Amino acid sequence: MDILTFIVCVTAFVTTALALLLTWDIRAKRVQSQQTVLQAVRHYVGVRSLQVMGLFFRRKLMSATRHVEDTQAAFLMGVLHENASTKYGGEKGFEKMKTYEDFRSGQPLTRYEDYADYVQRMMDGEKMVLTRQQPVIFGVSSGTSGNSKIIPMLKKQQTMFFLHVVSVFYGCLLEAFPQVSSKLKKTLKIFFNPRWRTSKSGIRIGPNSSTPASQKNILHMYSTPAAAFDILSEPDAVYVHLLFALKDRHLGMIEGNFASLIYNAMVTLNRSLQQLLHDIRQGTLNADLNIPADIRVELEKLLQPDPTRAEEIQRAFDGGVTGVCRRIWPELELILTVDSGAFAPYADRLRSTFCRGVPIYSAVYAATEGLTGINLWPGQQPSRYLPHPALQFLEFIPVDSCHLDQPRTLLLHQLKEGEEYEVVLTNVSGLYRYRVGDVVKVTGFCNQCPIFEFQYRIGQFLNVRGEKTSESLFYETLCETVAQWSGVTLVDYCCAESVLVDDTDFRRPTESESYAPCYHVFLEVETEDGLALLSEDQKRMIDERMCAKSYVYSSFRVKGSIDVMKVHILRHGAFQDLRQYALQNTEASSNQFKVPRVLKRRSLVEFLLKKEL
């Protein structure tokens, strides 16, 4: 046998052995008899590919954290060079900027208002405005703290996010929870196709968060059939998500952009349980659902009567809703969703009720404007995030200077542990020294790179007398107070400054009431007796606790400059109704909506006042 023949034989043997090993591994991991071999192979390749990419790009991230200053400088100069010939770059003199100091002196700090006209020109079809490359989408922000913003998004930024962020956190996920990939288990992914509109330039306008349209290549990894993602009515789509997830006893993970999405789905599961069980038992699809006929036909083809599974689910609920997800899905390993900031109350409710015993991993801290950090520590609470120095240029405003229009900024390598800062970013999609409005706290370092915890959004202050009570401080106060109310559980909450509430009711205050401004607190609670009412003494405890936690607030209360908080107890389901109302009156999609913790729109205040018990 000559050497060439020997090499061919060895190659053939190794290839065959690897193919047999791969086939055996796929068969061993396959848990669903209805999953075809091709579907199993695609699922297997998808998981393994993300694992391999995750290892590679995590090493690149670690390298960047060891050379933060150089990495940041290289990114900034690359962006300026790339966009020097644009309209915006020409106006600001990008071509002459050779250092960060040049950039800082020639480019002021910006807010969205500084870009609105440029973005409109891009939507009208003008090229070379903010970036050399044309955007692939105009991303619409959630509008939580005001009106929605429209942010251009380049293909380059989407690719960078998938490679350097998604693959990295997925690798961390599998490292911390290896059982997620031990079998080819599907994921219940709660997300919806948005209602897109198109700019004059022919580019789509809509949410930049993950949607079925943006994840077509991996829809086979989800428990929901592909056809169901074209259901545009959110309540009906949620029902179908739940129906097919319940039929799958091997479900391995539940995923949603935000904890609020998953919590609301679990509430729907509890309320619609008997109808869902009927459909599973009979192999039918609720005739009352608003589903297009062609989609209904496709879904009904996949349904078969399964009375055994229906009885399993009923027995799981017989033990109550606490921990029910693990009883429904014994192989459920993880909840993948954002649990920080405005979503903390929903995550807390999931942990204490439906999903008790199931870890929650908040993988990414990001917004339409850009990424702030990746969570490399899935098992730790509270969630912490590591910024990626190679994906965007970051500056920081010390929190005591946030009120200034053009404060001096610090760079990533200049931050100090324990300090709080407002985030400023420059990205590849045309935002330059952009004030995001998020405040983070440095809790440690990874090599030279700081690690953040999200604190609050600048626009989510309560500030009736200059006291600046942050979202995080109020939530902490509220949680400590609720803990003292025996038999009471907080479901949801938000606040408003009295100027918005008073303008909805033009009556004069009674003699016992004050003209001083105050906080109005809207609460949805559950009690052991089901009445959902609080005594006046219990309501006053929130104000007393805030006085104990905040010297500034207490001093205004003592002087009579701020009146006692007014607490409104809302009917059950009020915040779910608020969500639907807000979605109908903003451009935000179901995937990205956030309940504003401090209401800034009078229409939302008026809506909640009508829900008061």
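Further up the page is the structure itself.
Residues numbered from 1 in each chain as written. Predicted model: local features only at pLDDT ≥ 70, side-chain atom pairs only at ≥ 80, totals over all residues. Heavy atoms only, no water.

1. Examining the overall build of the protein chain
And step 1. Helices and strands together make up the secondary structure of the protein chain, namely 20 helices and 18 strands.
And step 2. Across the 613 residues that make up the protein chain, the buried fraction comes to 55%.
And step 3. Within the protein chain, residue pairs in contact and separated by at least 24 positions form 69% of the contacts whose partners lie at least 6 positions apart.
And step 4. Carbon together with sulfur atoms contributes 53% to the accessible area of the protein chain, which is approximately 26900 Å² in total. (Helix = DSSP H or I, 4+ residues; strand = E, 2+ residues; numbered from the N terminus. Buried < 20%, exposed > 50% of the residue type's maximum accessible area, 1.4 Å probe, protein only. Contact = heavy atoms within 4.5 Å. Areas by Shrake-Rupley, 256 points an atom, 1.4 Å probe, with all protein chains shown as cover.)

2. With respect to the side chain of Thr65
And step 1. Note on placement: Thr65 falls in helix H2 (residues 37-66).
And step 2. Only 2.7 Å separates the side chain of Thr65 from the backbone oxygen of Met62, close enough to count as a polar contact.
And step 3. Discounting chain neighbours no more than four positions away, the residues touching Thr65 are Leu386, Pro389, Cys446, Asn447, Gln448 and Cys449. (Polar contact = N/O pair within 3.5 Å; in protein donor to acceptor, adjacent residues only side chain to side chain.)

3. Structural notes on the sheet that holds strand E6 (residues 253-258)
And step 1. What the four strands build is an open sheet, ordered E3-E6-E7-E8; its pairing is parallel. Taken across any chain shown, the strands that pair with only one partner, and hence form the sheet edges, are strand E3 (187-190) and strand E8 (360-361).
And step 2. The pairing of strand E7 (residues 334-338) with E8 spans two bridges and is parallel. Note that in E8 the partner of Ile335 across the bridge is Ile360.
And step 3. Relative to the sheet, helix H9 (residues 259-271) contacts E3, E6 and E7, its axis offset from that of E6 by approximately 125 degrees. (Pairing = 2+ DSSP bridges. Axes fitted to C-alpha atoms, helices over the stretch in contact; angles between N-to-C directions.)

4. Here's the deal with the sheet that holds strand E5 (residues 204-206)
And step 1. The four strands are arranged E2-E1-E5-E4 in an open sheet whose pairing can be described as mixed. With partners counted over all chains shown, the strands left at the sheet margins are strand E2 (150-153) and strand E4 (197-198), one partner each.
And step 2. The sheet contact formed by E4 and E5 spans two bridges and is antiparallel. Looking at E5, one finds that Thr198 is bridged to Arg204.
And step 3. The sheet strands contacting helix H6 (residues 116-123) are strand E1 (137-140), E2 and E5, and the helix crosses E2 at an angle near 55 degrees.

5. Regarding the nonpolar core
And step 1. With 77 residues, the main nonpolar core has Phe169, Leu376 and Leu386 as its most contacted residues.
And step 2. Leu376 has contacts with Arg58, Leu61, Met62, Val168, Cys172 and Leu386, leaving out every residue within four places of it along the chain.
And step 3. In terms of nonpolar packing, the next biggest core, distinct from the first, is built from 73 residues, Phe192, Ala245, Ile313 and Val324 among them. (Core = buried A, V, L, I, M, F, W, Y, C linked by side-chain atoms within 4.5 Å.)

6. Notes on the pairing of strand E16 (residues 488-497)
And step 1. When you tally the buried positions in E16, you get nine out of ten residues, the bulk of the element.
And step 2. With nine bridges connecting them, E16 and strand E17 (residues 519-527) associate as antiparallel partners. When the sheet's bridge partners are listed, Ala496 is paired in E17 with His520.

7. Points about the pattern of salt bridges
And step 1. Applying the stated rule across the entire model yields 28 salt bridges.
And step 2. Glu312 is paired through a salt bridge with Arg249; the nearest N and O atoms lie 3.1 Å apart. Of this pair, Glu312 sits in helix H12 (residues 307-318) while Arg249 sits in the loop between helix H8 (234-247) and E6, and the two are 63 residues apart along the sequence.
And step 3. Residue classification places Arg249 among the partly exposed positions, given a relative accessible area of 31%.
And step 4. Linking Glu312 and Arg309 is a salt bridge whose minimum nitrogen-to-oxygen distance equals 3.0 Å. Of this pair, Glu312 and Arg309 are both found in helix H12, three residues apart, which corresponds to roughly one turn of the helix.
And step 5. Residue Glu312 is classed as partly exposed on the basis of its relative accessible area, which comes to 23%.
And step 6. Three or more residues joined by partner-sharing salt bridges are found here, namely Glu476, Glu480, Arg545 and Lys549. (Salt bridge = Lys/Arg side-chain N within 4 Å of Asp/Glu carboxyl O.)

8. Focus: the pairing of E7
And step 1. Counting buried residues in E7 gives five out of five residues, a clear majority hidden from the surface.
And step 2. Alternating residues of E7 divide into Leu334, Leu336 and Val338 and Ile335 and Thr337, and every residue in both groups is buried.
And step 3. Of the pairings in the sheet, the one linking E6 to E7 comprises four bridges and is parallel in character. Pairing of Glu255 across the sheet is with Leu336, part of E7.

9. Observations regarding the side chain of Ser199
And step 1. Within the secondary structure layout, Ser199 lies in the loop between E4 and E5.
And step 2. In contact with Ser199, not counting residues within four places along its chain, are Met123, Phe138 and Ile205.

10. Quick look at unusual backbone geometry
And step 1. Backbone torsion omega between Gln381 and Pro382 reads -5 degrees, so that peptide bond is classified as cis.
And step 2. Looking at where Pro382 falls in the secondary structure, it is placed in the loop between strand E10 (370-374) and strand E11 (393-398).
And step 3. Non-glycine residue Met128 carries a positive phi angle of around 55 degrees.
And step 4. Note on placement: Met128 falls in the loop between H6 and E1.
And step 5. One non-glycine residue, Arg433, lies in positive phi territory at about 50 degrees.
And step 6. Looking at the secondary structure, you find Arg433 in the loop between strand E13 (420-426) and strand E14 (434-446).

11. Some points on the packing of aromatic side chains
And step 1. One pass over the structure, following the stated rule, counts 22 aromatic pairs.
And step 2. Ring centres 5.1 Å apart and planes at 80 degrees place the aromatic pair Tyr88 and Tyr118 in the edge-to-face group. Residue Tyr88 is located in helix H4 (residues 87-92), and its partner Tyr118 is located in helix H6; the two are separated by 30 residues in the primary sequence. An identical accessibility class is assigned to Tyr88 and Tyr118; each is buried.
And step 3. On the basis of an interplanar angle of 25 degrees and a centroid distance of 6.0 Å, the ring pair of Phe474 and Tyr493 is categorised as stacked. With Phe474 in helix H15 (residues 471-482) and Tyr493 in strand E16, this pair connects stretches of sequence that are 19 residues apart.
And step 4. Judged by its relative accessible area of 2%, Phe474 falls in the buried class.
And step 5. Its relative accessible area of 2% is what places Tyr493 among the buried residues.
And step 6. Three or more aromatic residues joined by ring pairs form one cluster here, namely Tyr88, Phe94, Tyr115, Tyr118, Tyr432 and Tyr434. (Phe/Tyr/Trp six-rings, centres within 6.5 Å; stacked < 30°, edge-to-face > 60°.)

12. Some words on helix H10 (residues 273-282)
For the α-helix, the turn length of 3.6 residues means that residues three or four positions removed from each other point alike.
And step 1. Restricting attention to buried positions, one finds in H10 the residues Leu273, Leu276, Leu277, Asp279 and Ile280. Relative to the axis of H10, the buried residues are bounded by an arc of 160 degrees and lie together on one face.
And step 2. Where H10 is buried, its residues touch H8, H9 and H12.
And step 3. Positive phi appears at Gly283, one or two residues downstream of H10, with a value of about 75 degrees. (Arc of directions from axis to C-beta.)

13. So, the packing of helix H17 (residues 536-549) against helix H18 (residues 551-559)
And step 1. In the contact formed by H17 and H18, the axes pass within 5 Å of each other and the chain directions differ by 120 degrees. Compared by their axis directions, H17 and H18 come out oblique. Here Asp543, Met546, Cys547 and Lys549 of H17 come into contact with H18, specifically with Tyr551, Tyr553, Ser554 and Arg557.
And step 2. Tallied by class, residues from the contact of H17 with H18 come to four nonpolar, one polar and three charged. (Parallel < 35°, antiparallel > 145°, perpendicular 65-115°, else oblique. Nonpolar A, V, L, I, M, F, W, Y, C, P; charged D, E, K, R; others polar.)

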